[in-house]
Amino acid sequence: MPVLKTTQDKTQKSLFRRLIKKMASLKLAVFTICLIGVVSAIGTFVEASLGVQHAQKLVYRSYWMMIVMGIFIINLTSVIIDRWPWEKKHSSFILAHIGIIFIILGQWMTNQYGLDGTMRIAIGSSGQQVVIGDTEVQIYSSFDAQNYTRLYQQNVDFITSPPTLNKPLTFQLEKEAFQFVEYAPFVIPRREIVASELPRDGMAVRFQLINPSIRQAQMIEWLYQRSAHTSDQLELGPLTISMGPLKSAVTDRNQLHFQIQDQKLIVTAYDKNNPEPAQRWKLSEGDSVPLKWMGFELKILRLLPQARETWDLTFKEGPTELTVPAVKILYKDQEQWVLLNDTLKLFSDNAVYIIAYSQKRIDLSFPVQLKNFEMETYKGISKAKEYKSIVSVPDISDHVISMNEPLKYKGLTFYQASFQNDQMGKPVASILSVNYDPGRFLKYLGSTVMSLGIILLFYFKRSSLWSSKKD
Amino acid sequence: MVFQKRLVVFMFSLFISHLAYAFNEMQVLPVQHAGRIKPFDSFAREQLEIVYGKTQFEGRSAYEVILTWMMTPEAWQEKEIFQVQNLDVKKKLGLKSDQKRFKGDPIFSHEAFPGLMAELNGKRESKEKLTPYFQALQRLENQYFVFTEIAAGRMLKVMPDPQSDTWVSVADLPEVHQSEFMEVTKGFIASISAEVDGKADRKALRENFDQAVKTFKSSVGSDQAVSSTDMKIEVFFNEFHPFGWAALAYGLALIFFLIAWVMNRSWGEKTAYVFLISAVILHVLGFSLRCYLTGHPPVTNMYETVVWVALGAIVFAGILTYYMKNRFLLLGGTMVATFCLIIADTAPIILDASIQPLEAVLRSNYWLTIHVLTITISYAAFFLAMALGDLGLFYFIKGEAQHKTEIKALAQSVYRSIQIGVAFIAPGILLGGVWADYSWGRFWGWDPKETWALIALLGYVAVLHGRLVGLIKDFGMIASGVGAFSLVIMSWYGVNFVLGAGLHTYGFGAGGIEYVTGFVLVHILLIVYAWLVRRERAKST
């Protein structure tokens, strides 16, 4: 029996050896290296035409990229095992290859368990949530349009698996279901107000305010009532224009109030601090009346007793700064688009549903307060030379985060990424990038080990390195 | 040897004569422009380049041209100074397609011009990437802006304002200084007309002009705002143009190396060394001056990296020559250096040589030095490998059997150059990861620039491993040296100029795609041709 066992052991060992030999093949290595190169190259072209998100989802973090990397790691590991028993001269080669394995594993850990998000904080305020690249759909329902309960929360990845008419993503509501039927990654949205038949929809008025003597002083605006019962208003300089139930006639501003009756617009003007109406008109589309204030004239361009807001979308082939992803919803044979980080209301006979399609947010469990944001420009031009955020977190106050100088706190690292300006070019908010990287240690260890291996490689070869005769 | 000695003396005296160059006071007048205080000479060169495409106009210096734009813009209406290159734009404006430069009126008063500008604005508002056509329109807009703003005196900012970061332009000068500036312009006109007419008192008039500028400078206080030595150094750098001379010296060295190579004469090689050493001195001098002027290692844009790679290729060729005793190395290195410096000088619109303020993220000399210098120096080694590979392909086409020793030596040289390149690009990428981790918060993010650097590394690593298994022999090594450089070109140029995506936006530019593609294609065809020739020969024997 023992004899038999040894032979079996021997064949097993040699089978293992032979397998390792196969997996350690240099030809396989060259092939895998080239394959990684080709895949990465494809990724850069995907990024150039479709953007970062698509490149990440479709190439770099795809399953087949993982398979290629897996083969590579098996190949590298087998090469190391194949050299067993190791000698001193193998150390450079082993270290260099182990280093690569560590770096790849470290990167895998980062992808799998790390956090990479951004945080926009307005100057003087604080934030607690980090926005990440993954998206989710949430559905809320309400029977009284006041209290909402969440029905669904589901992570969605429309880039790798976009819904189609044939393969929709379906959610069951009380009676009916609604479906996501189309994904458009690059649309340029424009708000549009259109006429509606539904009695619960509010009204909308498009009007113009002109001062004939001052050429610049004219504006065209929509005033839109979100539903038939809400009060909505618009602030235009010293003037308030309101619609729906009148909240209060007495304010410290002049006020115009709109009400629609029998296809006509009733406009009531209130002087400031006076509850008595100063003037009242009944107007149709195209009418205009002079106001008492500063020589302005009011002209009614469009009157809609029932209106709803919708998106006018322009579809693009690739991303620009203005495009956002959108997804089409089919409900009761009606098609509607919802944009990323926006919501859509659906009405059934007795309930209201809110569909929210948004980037996922992760709660930090502590607030980050942006005390101030400072930007220094190059003299005489608006190009930023340096910018920094002065932030406070629970244990550290007034820490300066600047380019190349992050803040480390509770395992997270906060980096200065960018900032937002208002129309005048004055910064209003700072954008921080927030990271948690569990693979960092492995990557740095891998880099060090690999560098050490390369240095040793030169050390062992130094005698033969420069002679061209032997190699 | 006498000839070589004389050559050394000649080159040295040429250099000294340039050092003694007498500056015109106007050239060193400090002006504020594009976030920098620079001498008027630099400002004038940059603006003339934008409008005209060159830094001189019919033999006249840029500063003279710009001054006359300011004083007598109407006199320039009849001159063809606006460079228009894009054929579509020419067609829409009814300009002759074979003409390079045009008068202002036919362009800017053409009925289609406002429409084109509206089209450009529409494209800009859509935030989409500008195609070459729109880039050409943008340049046209810029040319118009530069010319009219200079003519109106609004663009030239000459007086420091204690209340503000922005200097006061000539048009907005207080009355006292207005009249002083008038003296400057009068002095200029008197001096230049005396010079043109060859009058006897031209020296005195020139001194008058200088004096007027000096008075103006001290009166507005701009001589206090900035060191006049710095202004002089920058004008010296402009006037002397060390990289241009280095290109010439490299070119001459290359010619003599070729003579030595083809005719096998030792005097050719010795002469080549004299030129080569002069070229390297000029190159290093130019490099140090530029470092001093910009205050950072000059690897922040395409132009600077091209100049840096030229130097790197020569240095590596020198080091390898010392160890390998192989005459092809310096020939290859000189080929690379000449090529790079000529490109750097002849494509001003694509490779912008002007000194621009740095993006906020690049304002770290430490990281710039260790990451960018390492990565770009690896390009130099790979470029050298390509040049040597070209020579190898030449021998393969000429006849493999007769040139066995040369081919062996070249294959070995390509191999060594690739090893050097890998030894720099691998740590360069890792250091880039460390910097990215430090300033963007991630070690590796598949950004196109880092990805293409990795692809280049993978390509060369595949070559080195292929050699170990015997997949790659001499022909393979030489062909890979040439072919794999396309990966470097993609990483170096392609990401910024072709893909135009990712986080390394500060290096983005446009133009030259057809030339670069041509360069790559020619080399690939050369490889294919050599391969076919080899196969034919193998069949026939």
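Residues numbered from 1 in each chain as written. Chains lettered and ligands numbered in written order. Predicted model: local features only at pLDDT ≥ 70, side-chain atom pairs only at ≥ 80, totals over all residues. Heavy atoms only, no water.

Colleague: Explanation requested: the overall build of chain B in the structure shown.
Modeller: Broken down by element type, chain B carries 21 helices and eight strands. Taken over C-alpha atoms, the radius of gyration comes to 26 Å for chain B, in line with the 24 Å a tight globule of 541 residues would show. Principal-axis analysis of the C-alpha atoms gives chain B an extent of 85 × 65 × 50 Å. Within chain B, residue pairs in contact and separated by at least 24 positions form 69% of the contacts whose partners lie at least 6 positions apart. (Helix = DSSP H or I, 4+ residues; strand = E, 2+ residues; numbered from the N terminus. Rg over C-alpha atoms; globule rule 2.2 N^0.38 Å. Contact = heavy atoms within 4.5 Å.)

Colleague: Is there a simple way to explain the pattern of salt bridges in this structure?
Modeller: Charged atoms that come close allow side chains of opposite charge to pair. Residues and elements named next belong to chain A. Tallied over the full model, the rule gives 30 salt bridges over all chains. Put simply, R191 and E309 hold a salt bridge, and the shortest N to O gap is 3.1 Å. Taken together, the positions of R191 in strand β5 (residues 177–195) and E309 in strand β15 (residues 307–315) put the pair 118 residues apart, joining distant regions of the chain. The salt bridge partner of E235 is R253, with a shortest N-O separation of 2.8 Å. With E235 in strand β8 (residues 232–236) and R253 in the loop between β9 (239–243) and β10 (254–261), the pair connects residues that are 18 residues apart, well separated along the chain. Its relative accessible area of 23% is what places R253 among the partly exposed residues. Linked by salt bridges that have partners in common, K21, D82 and R83 make up one network. (Salt bridge = Lys/Arg side-chain N within 4 Å of Asp/Glu carboxyl O. Buried < 20%, exposed > 50% of the residue type's maximum accessible area, 1.4 Å probe, protein only.)

Colleague: Would you mind showing me how to read the domain arrangement of chain A here?
Modeller: The parts lose accessible area when they come together, and the size of an interface is often stated as this lost area. Partitioning chain A into domains gives domain 1 (11–114 + 440–465), domain 2 (118–129 + 362–436) and domain 3 (204–305). Of note, the centres of domain 1 of chain A and domain 2 of chain A, computed from C-alpha atoms alone, are 37 Å apart. (Domains from an automatic or database assignment.)

Colleague: Would you mind showing me how to read the layout of surface pockets here?
Modeller: In this approach, a probe sized like a water molecule rolls over the atoms, and the result shows the empty space that is left. Residues and elements named next belong to chain A. One number sums up the size of the second largest pocket: a volume of about 1,400 Å³. For the second largest pocket, the lining is made up of 40 residues, of which D201, R308, K345, L346 and F347 are closest to its centre. Listed by contribution, the elements that provide at least two residues to the lining of the second largest pocket are β5, β15, β16 (324–331), β17 (334–339), β18 (342–347) and β19 (352–377). Considered class by class, the residues forming the lining of the second largest pocket number 15 nonpolar, eleven polar and 14 charged. (1 Å grid on protein atoms, 1.4 Å probe; cavity = no way out; pocket = protein on both sides within 12 Å on 5 of 7 lines; lining within 4 Å. Points joined across faces, edges and corners; volume = space filled by probe spheres on them. Nonpolar A, V, L, I, M, F, W, Y, C, P; charged D, E, K, R; others polar.)

Colleague: How should I be thinking about the domain arrangement of chain B in this particular structure?
Modeller: Residue and element names in this part refer to chain B. Here chain B is partitioned into domain 1 (24–225) and domain 2 (241–540). Each of domain 1 and domain 2 has a C-alpha centre, and the two are 37 Å apart. Each partner contributes to the interface: domain 1 provides nine residues, whereas domain 2 provides ten residues. Taken over both partners, the interface formed by domain 1 and domain 2 buries close to 730 Å², and the fraction arising from carbon and sulfur atoms is 55%. Taken together, the links from domain 1 to domain 2 amount to zero salt bridges. Our count for the domain 1 to domain 2 interface comes out at zero residue pairs in polar contact (both at pLDDT 80 or more). (Buried area = accessible area lost by both parts, 1.4 Å probe. Polar contact = N/O pair within 3.5 Å; in protein donor to acceptor, adjacent residues only side chain to side chain.)

Colleague: Honestly, empty space enclosed by the protein in this entry has me stumped. Any pointers?
Modeller: Residues and elements named next belong to chain B. Using the criterion set out here, one finds five cavities of 30 Å³ or more in the structure. Surrounding the second largest cavity, F257, A260, W261, E269, R327, F328 and L331 form its lining. In terms of residue count, the dominant contributor to the lining of the second largest cavity is helix α12 (residues 242–263) (three residues). Its residues assigned to classes, the lining of the second largest cavity shows five nonpolar, no polar and two charged.

Colleague: Even after reading the chapter, I still don't get the interface of chain B and chain A, so can you show me in this structure?
Modeller: Contact residues are listed per partner, giving 55 residues for chain B and 55 residues for chain A. Summing both partners gives a buried area of about 4,800 Å² for chain B against chain A, and 63% of it is carried by carbon and sulfur. Taken as a group, Y438, F443 and W446 of chain B account for 14% of the area that chain B buries against chain A, more than any other trio of residues on that side. Remark: the boundary between chain B and chain A carries one salt bridge.

Colleague: Just checking my understanding: could you explain helix α14 (residues 302–324) of chain B for this structure?
Modeller: Three- or four-residue spacings in an α-helix give side chains the same orientation, since the helix completes a turn every 3.6 residues. Residue and element names in this part refer to chain B. With 23 residues, α14 should reach 33 Å at 1.5 Å per residue; the first-to-last C-alpha distance of 32 Å fits that figure. The element α14 is largely enclosed, with a buried count of 18 among its 23 residues. Between a side-chain oxygen at the N-terminus of α14 and the backbone nitrogen of Y303 the separation is 3.1 Å; the capping residue is N301. Phi turns positive, to about 50 degrees, at K325, one or two residues after α14. (Expected span 1.5 Å × (residues − 1).)

Colleague: Mind showing me how you'd approach the nonpolar core here?
Modeller: All names here are of chain B. Residues Y250, I418 and F485 are the most contacted members of the largest nonpolar core, which totals 137 residues. Ranked by the residues each element gives to this core, the list is headed by helix α16 (residues 365–398), at 20 residues. Leaving out residues up to four positions away in the same chain, Y250 has contacts with L276, A279, V280, H283, L311, I314, T334, A337, T338 and L341. With 55 residues, the next largest nonpolar core counts L95, F102, F181 and A212 among its residues. (Core = buried A, V, L, I, M, F, W, Y, C linked by side-chain atoms within 4.5 Å.)

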